[in-house]
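Residues per chain, in single letters:
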Amino acid sequence: MKLSDNKAKLSFSNGSPEVDLPVYQGTIGPDVIDIRKLYAQTGQFTYDPGFMSTASCQSAITYIDGDKGELLYRGYPIEQLAEKCDYLDTCYLLLKGELPDATQRKDFHKLVLDHTMVNEQMQFFLRGFRRDAHPMAVLTGLVGAMSAFYHDSIDVHNAEHRDIAAIRLISKMPTLVAMAHKYGVGQPYMYPRNELSYAGNFLRMMFGTPCEDYKVNPVLERAMDRIFILHADHEQNASTSTVRLCGSSGTNPFAAIAAGVACLWGPAHGGANEAALNMLEDIQKMGGIAKLGEFVERVKDKNSGVRLMGFGHRVYKNYDPRAKLMQETCNEVLTELGLENDPLFALAKALEKIALEDDYFVSRKLYPNVDFYSGIVQRAIGVPVKLFTGIFALARTVGWIAQLNEMMGDPEYKIGRPRQLYVGAARRDVP
Ligand code: ACO
């Protein structure tokens, strides 16, 4: 980061001396005011619950322009990556900063695809779960348990360990997600086939059975790959910040990523795709398109506690670029499967149209986010609703690792330790 000529000056109405605060510039985006010495200089903290105006780190991985509705991975627009690259190219880019050349691409694909199998003990660990356990509960456990299986890559301060853990996590997440699914539906696990693509292998492990050959449908394979690309990273969101904070204690990479999985589960974050699809199904049961007006009125009524799931975003105050791409993929998948007239897709498009013209949503800059259409695509492919967030976790694993590794390599890295404004009882004696 570059020191700006501009300086911030903080003054106080009680006559305390003014404080000069340095200002730094990034490549693009807002400048930041450096308040690190504020407490030492003034004895005061800043107050920013929810990090509304606080940059928690410097990062060179992902950039979002929320007003424009732009998302860049290492500078490349998400639309171009979704069009010209596959998920493993995107992983390489996020981890290493540049797109791979032909040899690097071949080697990286081979490296990831050659490590898809998990330790056989993992399935005995999985057996401890109830069959009806939520896949995110299972995945939080399985990812955390990886640290018990791979002792040679748990030193987060060792760059080589971090690299090995990164490949293990990216390679094995599809296997673990598919195992969590198969366990829930009571089918035998499918061992990975390394000659398939990353997405094709995942589809086979999810939907194949040992009873017959599974032929990967290239349209669905491409759609799954695109879902992975669109979810690969999203700068300092809640789960990524969780991974950074968790990892900042020096814990092992598997434990830090498991913390990210747990955070992602929440309906305000990764769980929104599941919540959005459940919402569409509920509206459908209420009477479908004819009842949309009534539903939107409930959303607008603050006392109802109902939100339009898959709408709104802390950073995007414009159309989420991933939602546009996901809508495109939705069209392709539904056409391929002969589901062009899918009632939920029609309902989603009608709901989007109403919301985009309604002053409540327009004035609050609430637009569809990636989750609005991703549930419809996944449901059409055959993914159970309960597994949507698990697939998001699979895709986001690379982003979490890239961000964790960036933090560990940052000379300014410190354990994360927010401060507070204490409003409880002052010191008192027990009677
Ligand atoms: N439906 C109805 N009203 C909404 C919605 C929504 N989905 N989202 C925000 N609002 C309203 C709020 O009620 C608030 O109105 P007010 O100013 O009158 O009080 C205003 O818009 C601002 O909302 P906040 O909750 O303050 O915005 P915040 O940035 O904290 O929240 C969030 C962002 C959590 C994503 C929110 O928009 C939401 O709950 N959306 C639905 C869940 C969702 O789709 N999450 C996925 C996010 S993307 C991802 O994780 C991949």
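Residues numbered from 1 in each chain as written. Predicted model: local features only at pLDDT ≥ 70, side-chain atom pairs only at ≥ 80, totals over all residues. Heavy atoms only, no water.

**What to know about the pattern of salt bridges**
Here the structure, examined in full by the defined rule, presents 22 salt bridges. Here Glu357 ties to Lys353 by a salt bridge, and the two come within 3.5 Å at their closest N and O atoms. With Glu357 and Lys353 both in helix α15 (residues 343–357) and 4 residues apart, the pair spans about one turn of that helix. Residues Glu357 and Lys353 agree in their burial class; the two are exposed. Linked through salt bridges whose partners overlap, the residues forming this network are Lys9, Glu18 and Asp20. (Salt bridge = Lys/Arg side-chain N within 4 Å of Asp/Glu carboxyl O. Helix = DSSP H or I, 4+ residues; strand = E, 2+ residues; numbered from the N terminus. Buried < 20%, exposed > 50% of the residue type's maximum accessible area, 1.4 Å probe, protein only.)

**Structural notes on the UniProt feature "active site" (unreviewed entry) in the protein**
Look at the UniProt record and you will see "active site" (unreviewed entry) annotated at His313 and Asp371. Their sequence span is 59 residues, while the largest C-alpha to C-alpha distance among them is just 10.7 Å; these annotated residues converge on one region. Within the secondary structure, His313 is located in the loop between α13 (292–300) and α14 (321–336). For His313, the contacting residues outside a window of four places in its chain are His234 and Arg322. Polar contacts involving the side chain of His313 include one to the main-chain amide nitrogen of Val315, which spans 2.9 Å. Tracing the sequence through the fold places Asp371 in helix α17 (residues 371–381). By relative accessible area, which is 5% here, Asp371 ends up buried. (UniProt positions renumbered as here; feature names shortened; annotations may be inferred. Contact = heavy atoms within 4.5 Å. Polar contact = N/O pair within 3.5 Å; in protein donor to acceptor, adjacent residues only side chain to side chain.)

**Thoughts on the packing of aromatic side chains**
Each pair of aromatic rings is reported with the distance of its centres and the angle of its planes. Using the criterion set out here, one finds 14 aromatic pairs in the structure. Each ring, one from Tyr198 and one from Phe228, has its centre 5.8 Å from the other, and the planes form 80°; the classification is edge-to-face. Of this pair, Tyr198 sits in helix α8 (residues 198–207) while Phe228 sits in helix α9 (residues 218–230), and the two are 30 residues apart along the sequence. Under the relative-accessibility criterion, Tyr198 is labelled buried at 5%. Taken together, a centroid distance of 5.9 Å and an interplanar angle of 70° make the contact between Phe311 and Phe361 edge-to-face. With Phe311 in the loop between α13 and α14 and Phe361 in helix α16 (residues 359–363), this residue pair connects regions lying 50 residues apart in the sequence. Judged by relative accessible area, which is 11%, Phe311 ranks as buried. Given the relative accessible area of 1%, Phe361 is considered buried. Put simply, the rings of Phe311, Phe345, Tyr360, Phe361, Phe372 and Tyr373 touch in pairs and so form one group of aromatic residues. Sitting over the ring of Tyr183, Arg131 keeps its end group 4.2 Å from the ring centre. Directly above the aromatic system of Tyr360 lies the positively charged group of Arg364, at a separation of 3.9 Å from the ring centroid. (Phe/Tyr/Trp six-rings, centres within 6.5 Å; stacked < 30°, edge-to-face > 60°. Lys NZ or Arg CZ within 6 Å of the ring centre and 35° of its normal.)

**Looking at the site of the ligand**
Taken together, 21 residues lie near the ligand, and Lys302, Arg307, Leu308, Arg314 and Tyr360 sit nearest. Contact between the ligand and Lys302: an oxygen atom at 2.5 Å from a side-chain N or O atom of the residue. Phe311 is positioned with one of its backbone polar atoms (N or O) 2.9 Å from a nitrogen atom of the ligand. Calculation on the ligand without its partners gives an accessible area of 920 Å², and the protein chains cover 74% of this total. Classifying every residue of the shell around the ligand gives 11 nonpolar, 5 polar and 5 charged. (Near = heavy atom within 4 Å. Areas by Shrake-Rupley, 256 points an atom, 1.4 Å probe, with all protein chains shown as cover. Nonpolar A, V, L, I, M, F, W, Y, C, P; charged D, E, K, R; others polar.)

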